[in-house]
Amino acid sequence: MKYVDEYRRPEKILRLRDAMHQLVSRPWTIMEVCGGQTHSILHHGIDQLLPDPVELIHGPGCPVCVTDTSLIDQAIELALTPGICLCTYGDMMRVPGSIESLFSARAKGARIEIIYSPTDAVTFAQQHPDLNIVFFAVGFETTAPASAAAVLMAEALSLDNFYLLASHVRVPPALEALMQNKDCRVQGFLAAGHVCTVMGYHEYHQLAQTYHVPIVVTGFEPLDIMEGIYLCLRQLETGKHAVENQYRRCVREQGNVHAQEAIHKVFQVVDMPWRGMGVIPASGFSLNRHYVHRDASVLLQHAPTTSKTNTNDPCLAGQVLQGIIKPPACPAYGKSCTPEHPLGAPMVSSEGACAAYYHYYGHL
Amino acid sequence: MCLGLPGQIKSITGEDPLFKSAQVAFGGVQRQISLMYTPDAQCGDYVLVHAGFALSVIDQDRASTLLSALESETSENKAT
Ligand code: SF4
């Protein structure tokens, strides 16, 4: 496939590996922010190619993993309410809520449709005027434009049965929160290329300057990631901390302004709870006052609850998502927690670090 | 849901920017994709798609130049 195959050629990847080995003089710790990159790294064995002193740690960029338990609980409550159908991305189905997952709720009769795009939820609402359709709008800045578009389409079509359970998250405040954690080991970031496709990377200059970290906007194919790491190491070795763009074929500094306009038209920036990481200021999007009539919380029978915290929860997702520990360091990993019987979201999601380790390394 | 895929635009339908869409081929599979955020995309262009929306037109001319730079560095080193 074009724009895939040519970024997987072993000879180019090995060329970069050799250049990296020549370049590195001491230990460095680099975080790839996005769960898609984590999977690519483990899938293609990139972690095995790096010089010994270079360590990759895995970041919070798994939208399924960071969605707070309270949101899953609300989604289940909505889906179980007569007259409501919940439309969701398939990845959310097996994420544990405080009591159960959407998957097990569906077995009990909850009405849930799995969709590929929010536009499918709009079409579904058109076809089922007798039902209230709630789209479970989660994800980073990559899926926020699609959710915003669905709201604008529902407005244009005057659909009064289309709602959003919105819990979109923003990457830059999360990176800032990571850097402020005293246990943070990150010395350089590979920023998530697809998020920057939408938002650009002008917001990152300040972060790089404040925390003296190089930030390299990086793509998802093995060659992209090798280049991203090389550029990051080159800055670290020369004492620089600037923002660089490896993923130039898709990302411009200003991002996609049409998508940003739609996001700002529909959403407002709010504080948001992240699973295992607590509330991060200004790290989320919810519907703004012009679109509150599409907020699914009006359909909830109970006031939205904050997470019913399970004090016996063995899942260390918070530490995994901040790169403080790697999945095999969790005592439950591969024992009581496997993809078949996940205890936490990072073992469920196709972008979760625990699932990635389990898939490529097994029990360890 | 966050994984983007590059695909090639085969045909475009619709005038209204909100509902403009395209048939996009991902290898052998085709899907209807919204062009709301890439209104200037043309037939034959490659676009990066997330959750049914094209978010960027891929620009071949802006591919990375790092490898060729590294290669010329090495050949200079060899020459000296
Ligand atoms: S291995 Fe399971 S329990 Fe441990 S952090 Fe990962 S998802 Fe949570």
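As the structure is a computational prediction, the values presented were derived from the model and not from experiment. (Residues numbered from 1 in each chain as written. Chains lettered and ligands numbered in written order. Predicted model: local features only at pLDDT ≥ 70, side-chain atom pairs only at ≥ 80, totals over all residues. Heavy atoms only, no water.)

A. Structural context of the overall build of chain A. From N to C terminus, chain A includes 15 helices and eleven strands. Relative to a compact globule of 364 residues, whose C-alpha radius of gyration would be 21 Å, chain A shows 21 Å and is just as compact. Across its three principal axes, chain A shows a C-alpha extent of roughly 65 × 45 × 40 Å. Within chain A, the fraction of its 364 residues that count as buried is 61%. In chain A, the proportion of contacts linking residues at least 24 apart, taken out of those at least 6 apart, comes to 79%. Only carbon and sulfur atoms are counted for the fraction: they give 51% of the accessible area of chain A, which is about 14000 Å². Charge separation in chain A, taken as the distance between the mean sites of 26 positive and 34 negative side-chain charges, equals 4 Å. (Helix = DSSP H or I, 4+ residues; strand = E, 2+ residues; numbered from the N terminus. Rg over C-alpha atoms; globule rule 2.2 N^0.38 Å. Buried < 20%, exposed > 50% of the residue type's maximum accessible area, 1.4 Å probe, protein only. Contact = heavy atoms within 4.5 Å. Areas by Shrake-Rupley, 256 points an atom, 1.4 Å probe, with all protein chains shown as cover. Lys, Arg positive; Asp, Glu negative; His and termini not counted. Charge placed at Lys NZ, Arg CZ, Asp CG, Glu CD.)

B. Representation of the site of the ligand. The ligand sits among 13 residues. The nearest are Cys315, Leu316, Cys330, Cys337 and Cys354 of chain A. Of the residues contributing to the shell around the ligand, the split by class is twelve nonpolar, one polar and no charged. (Near = heavy atom within 4 Å. Nonpolar A, V, L, I, M, F, W, Y, C, P; charged D, E, K, R; others polar.)

C. Focus on unusual backbone geometry. Here the phi dihedral of His212 of chain A falls at roughly 55°; this positive angle occurs in a residue that is not glycine. As for its position among the elements, His212 of chain A is in the loop between α11 (204-211) and β8 (215-218). Residue His212 of chain A is classed as exposed on the basis of its relative accessible area of 53%. For Ala51 of chain B, which is not a glycine, the phi torsion comes out positive at approximately 45°. Looking at the element boundaries, Ala51 of chain B is found in the loop between β4 (46-50) and β5 (53-57).

D. Structural detail: the pattern of salt bridges. Residues and elements named next belong to chain A. A full pass over the atoms with the stated rule returns nine salt bridges over all chains. Among the salt bridges present, the one from Glu55 reaches Arg185, with a minimum N-O distance of 3.0 Å. One end of the pair, Glu55, is in strand β2 (residues 54-61); the other, Arg185, is in the loop between α9 (171-180) and β7 (188-192), with 130 residues separating them in the sequence. Residue classification places Glu55 among the partly exposed positions, given a relative accessible area of 27%. For the salt bridge of Arg170 with Glu203, the shortest nitrogen-to-oxygen distance reads 3.2 Å. With Arg170 in the loop between β6 (162-169) and α9 and Glu203 in the loop between α10 (193-199) and α11, this residue pair connects regions lying 33 residues apart in the sequence. For Arg170, a relative accessible area of 12% gives the class buried. Each of Glu55, Arg185 and Lys326 takes part in one network of salt bridges that share partners. (Salt bridge = Lys/Arg side-chain N within 4 Å of Asp/Glu carboxyl O.)

E. Representation of the interface of chain B and chain A within the structure. With 36 residues of chain B at the interface, the matching set in chain A holds 53 residues. At the boundary of chain B with chain A, total buried surface from both sides reaches about 3800 Å², with 67% on carbon and sulfur atoms. At the boundary of chain B with chain A, the tally comes to zero salt bridges. Those elements that place two or more of their residues in the side of chain B that touches chain A are β3 (29-34), β4, β5 and α1 (66-79) of chain B. At five residues, α1 of chain B tops the list of elements feeding residues into the side of chain B that touches chain A. For the side of chain B that touches chain A, the per-class residue count stands at 23 nonpolar, nine polar and four charged. (Buried area = accessible area lost by both parts, 1.4 Å probe.)

F. Molecular detail of helix α12 (residues 222-237) of chain A. All names here are of chain A. Its 16 residues place the ends of α12 22 Å apart at the C-alpha level, agreeing with the 22 Å of an ideal helix rising 1.5 Å per residue. In terms of residue burial, α12 counts as a mostly covered element, since 15 of its 16 residues are buried. Gly239 lies just past α12 and shows a positive phi near 70°. (Expected span 1.5 Å × (residues − 1).)

G. Representation of the side chain of Arg170 of chain A. Within the structure, the side chain of Arg170 of chain A is placed 2.6 Å from the backbone oxygen of Ala282 of chain A, a separation counted as a polar contact. The contact partners of Arg170 of chain A, leaving out residues within four places of it in the chain, are Glu141, Glu203, Val269, Trp274, Ala282, Ser283, Gly284 and Phe285 of chain A. (Polar contact = N/O pair within 3.5 Å; in protein donor to acceptor, adjacent residues only side chain to side chain.)

H. Quick peek at the domain arrangement of chain A. Residues and elements named next belong to chain A. Domain parsing of chain A yields domain 1 (1-315) and domain 2 (317-361). A straight line from the C-alpha centre of domain 1 to that of domain 2 covers 17 Å. Tallying the contact residues gives 34 residues for domain 1 and 27 residues for domain 2. There are one salt bridge connecting domain 1 and domain 2. Put simply, Glu55 and Lys326 hold a salt bridge, and the shortest N to O gap is 3.3 Å. The interface formed by domain 1 and domain 2 contains eleven residue pairs in polar contact (both at pLDDT 80 or more). Among the elements of the structure, α2 (35-43), α3 (46-49), β2 and α4 (63-66) are those that each provide at least two residues to the side of domain 1 that touches domain 2. (Domains from an automatic or database assignment.)

I. Just helix α15 (residues 353-361) of chain A, in detail. Buried within α15 of chain A we find Ala353, Cys354, Ala355, Ala356, Tyr357 and Tyr358 of chain A. Against α2, β2 and α14 (317-321) of chain A lie the buried residues of α15 of chain A.

J. Quick peek at the confidence of the model for chain B. Confidence along chain B averages 86 in pLDDT terms, with 88% of residues attaining 70 or more. Per the prediction output, this complex has pTM 0.91; the corresponding ipTM is 0.88. (pLDDT = per-residue confidence, 0-100.)

K. A look at the sheet that holds strand β9 (residues 243-245) of chain A. Residue and element names in this part refer to chain A. Read from one edge to the other, the open sheet built from five strands follows the order β2-β1-β7-β8-β9, with strand pairing classed as parallel. If you trace the sheet from one side to the other, it starts and ends with β2 and β9, each paired once. With direction set aside, neighbouring strand axes in the sheet form an average angle of 25°. Relative to β9, β8 is paired through three bridges, and the arrangement is parallel. Paired with Val217 across the bridge in β9 is Asn245. (Pairing = 2+ DSSP bridges. Axes fitted to C-alpha atoms, helices over the stretch in contact; angles between N-to-C directions.)

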